[in-house]
Amino acid sequence: MASTTGLTEADLRQRLAQLPRVTLANLPTPLEPLPRLSELLGVRLFIKRDDLTGLAFGGNKTRHLEFSIAQALQEGCDIVINGAAVQSNYCRQTAAACAKVGLRCALVLRQDPRIDPHKTEPQGNLLLDYLFGADVRFVDADADMDAEKERFADEYRAKGHKPFVIKHPDLAGGFGYLLCLLELVEQCRQWKIEPTHLVHSSSTPTQVGFVIGKKALGLNWHILGVSPSYRTTDAPKQIADLSNMVAQRLGLPLRFTPEEIGYTTDFVGESYGVPTQEGMEAMLLMARTEGVLLEPVYTAKAFAAVVDMVRKGQINKNHTVVFVHTGGLPALFAYQPTLLKALGDAPKV
């Protein structure tokens with residue numbers, strides 16, 4: 001598919017270069033073939049290793065934070081406030097990014113008693129939050145996170161600080177993942193491949209950069225975001241709306257509608273943060289075939305979607321699939337009982 005917009009990769013890079021940005025990630029991350037899995041599944045598979053972005057065990061949010069932390073610094077803020085689940089990868093990377101650039105960090109973390117691993121023992125991402133010096137506050141599962149973050153920010157304002165509150169979603173993810181898309185285009189040229197599918201875990205912002213890049217460059221790639229949650233029921237509309245805002249911010253002549261967005265909640269399972277049998281099988285398959293670790297909340301469920309499409313014949317030997325590994329590996333250690341059950345060889349006490 002040729003671009004009908006007249007936009008080039010150089011055009012997109014030039015527009016992104018005009019935005020404030022700090023260097024937090026080791027980029028570009030590798031694009032690697034998965035030869036043993038490809039042979040086993042009968043489809044040509046590659047993996048984009050955004051688990052190797054480098055900051056605090058890596059992950060996709062480091063790309064987001066390069067733009068949001070730069071904005072915080074530009075505005076003269078001295079503390080960044082973020083919030084999500086107790087085992088949030090985003091919060092862990094936010095705490096590390098703040099430490100790296102000399103900002104304070106405050107986190108509002110949602111406790112959910114329905115999800116056993118999400119207790120407040122210092123394990124997984126939560127342990128790293130403390131290590132990076134974050135000021136952590138716990139709230140109930142049904143708390144209004146935006147209101148809680150603003151309340152925390154008000155407390156810091158009263159002490160004379162200038163907080164920067166990260167909103168969910170914001171434009172930074174779109175900027176970061178448009179750059180990722182540009183990396184992928186160059187790497188695919190080097191590998192001499194033309195992907196037919198790009199599959200990744202998505203809860204909104206990460207997918208924005210991919211869909212903008214696809215349309216701007218006229219790529220014939222089917223982009224599928226695999227949701228980790230039912231929380232956002234109108235995600236395709238949110239992704240389209242956010243894509244329009246990012247495109248406008250960059251001065252791109254592009255418009256998006258929900259119908260253009262490939263997105264599924266079919267692999268969430270019981271709820272966010274609860275591993276699925278299909279996801280655990282996908283995790284073990286990746287680990288034991290390619291020596292690559294996934295994690296149970298996001299990437300295992302996303303790769304389970306790839307396996308499911310193979311089994312249903314929706315992708316086959318004529319297709320080339322890029323699976324984007326968005327990271328999240330510290331959370332593995334908060335899911336030890338689930339992992340041992342999946343392995344079937346828990347040690348005898």
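Scroll up for the structure.
The rules we used
Residues numbered from 1 in each chain as written. Predicted model: local features only at pLDDT ≥ 70, side-chain atom pairs only at ≥ 80, totals over all residues. Heavy atoms only, no water. Helix = DSSP H or I, 4+ residues; strand = E, 2+ residues; numbered from the N terminus. Rg over C-alpha atoms; globule rule 2.2 N^0.38 Å. Buried < 20%, exposed > 50% of the residue type's maximum accessible area, 1.4 Å probe, protein only. Pairing = 2+ DSSP bridges. Right-handed = clockwise from strand over helix to strand, strands pointing away. Axes fitted to C-alpha atoms, helices over the stretch in contact; angles between N-to-C directions. Contact = heavy atoms within 4.5 Å. Polar contact = N/O pair within 3.5 Å; in protein donor to acceptor, adjacent residues only side chain to side chain. Core = buried A, V, L, I, M, F, W, Y, C linked by side-chain atoms within 4.5 Å. Salt bridge = Lys/Arg side-chain N within 4 Å of Asp/Glu carboxyl O.

Points about the overall build of the protein chain
Helix and strand counts for the protein chain come out as 12 helices and 10 strands. Computed over the C-alpha atoms, the radius of gyration of the protein chain is 20 Å, within 12% of the 20 Å expected from 2.2 N^0.38 for a compact globule of 349 residues. Each of the three principal axes of the protein chain carries a C-alpha extent, and together these read 60 × 60 × 35 Å. Looking at the protein chain as a whole, 58% of its 349 residues qualify as buried.

Considerations on the pairing of strand E3 (residues 79-85)
Extensive coverage of E3 is indicated by the burial of 7 of its 7 residues. Across 7 bridges, the pairing between E3 and strand E4 (residues 104-110) is parallel. Looking at E4, one finds that Ala 84 is bridged to Leu 109. Once you follow E3 into helix H4 (residues 89-101) and on to E4, the crossover reads as right-handed. As paired elements, E3 and strand E6 (residues 163-165) share 3 bridges and run parallel to each other. When the sheet's bridge partners are listed, Val 80 is paired in E6 with Phe 164.

Regarding the sheet that holds strand E1 (residues 31-33)
Taken together, the 6 strands give an open sheet; going across it, the order is E1-E2-E10-E7-E8-E9, and neighbouring strands pair in mixed fashion. Of all the strands in the sheet, just E1 and strand E9 (262-264) have a single pairing partner and so form its edges. Strand-to-strand twist across the sheet, computed as the mean angle between neighbouring axes with direction ignored, equals 25°. Pairing between strand E8 (residues 222-226) and E9: 3 bridges, direction parallel. Across the sheet, residue Val 226 finds its bridge partner in E9, namely Thr 264.

Quick word on the environment of Thr 29
With respect to the helices and strands, the residue Thr 29 is situated in the loop between helix H1 (9-16) and E1. The class of Thr 29 is buried, set by a relative accessible area of 1%. A C-alpha to C-alpha distance of 5.7 Å links Thr 29 and Arg 49, two positions 20 residues apart in sequence. In this view, Thr 29 contacts Lys 48, Arg 49, Asp 50, Leu 52, Thr 53, Arg 63, Glu 183 and Gln 187; residues no more than four positions away in its chain are not counted. Among the polar contacts listed, one links the side chain of Thr 29 to the side chain of Arg 63, at a separation of 3.3 Å.

Describing the nonpolar core
Ranked by internal contacts, the top residues of the largest apolar core, which has 43 residues, are Leu 16, Phe 210, Ile 212, Trp 221, Leu 250 and Leu 252. Of all elements in the fold, only H1, helix H7 (172-191), helix H8 (205-217), helix H9 (235-250) and strand E10 (320-325) reach the threshold of two or more residues within this core. A total of 11 residues in this core trace back to one element, the largest contributor, which is H7. Formed by 31 residues, the second largest nonpolar core is a distinct cluster that contains Leu 45, Ala 282, Met 309 and Val 310.

Looking at the side chain of Asn 125
Position of Asn 125 relative to the elements: it lies in helix H5 (residues 124-131). The contact partners of Asn 125, leaving out residues within four places of it in the chain, are Gln 87, Ser 88, Asn 89, Arg 92, Pro 330 and Ala 331.

Some words on the sheet that holds E6
Strands pair in a sheet through their backbones, by hydrogen bonds, and they do so in one of two ways: parallel or antiparallel. Taken in spatial order, the 4 strands line up as E5-E4-E3-E6 in an open sheet, and their pairing is parallel. Two strands close off the open sheet at either side, each with one partner strand: strand E5 (135-139) and E6. Here the strands of the sheet are splayed against their neighbours by 25° on average, with no regard to which way each runs. The sheet contact formed by E4 and E5 spans 5 bridges and is parallel. Along E5, the bridge assignment pairs Val 108 with Arg 137.

Some details on the pairing of strand E2 (residues 44-49)
One face of the sheet, then the other: side chains in a regular strand alternate in exactly this way. Counted residue by residue, E2 has 5 buried out of 6 residues, so it is predominantly covered. Relative to E2, E1 runs antiparallel, the two being bridged by 3 bridges. Among the inter-strand pairings, Pro 33 is bridged to a residue of E2, identified as Phe 46. Sheet topology places E2 next to E10; 6 bridges connect them, and they run parallel. Looking at E10, one finds that Leu 45 is bridged to Val 321.

Thoughts on the pattern of salt bridges
Going through the model one piece at a time under the given rule, you end up with 17 salt bridges. Across the pair Glu 260 and Lys 215 runs a salt bridge whose closest N-O atoms are separated by 2.8 Å. In this pair, Glu 260 sits in the loop between H9 and E9 while Lys 215 sits in helix H8, placing the two residues 45 residues apart along the sequence. Overall, Glu 260 belongs to the partly exposed group, its relative accessible area being 36%. Among the ionic pairs, Asp 308 bridges to Lys 312, the shortest N-O distance being 3.2 Å.

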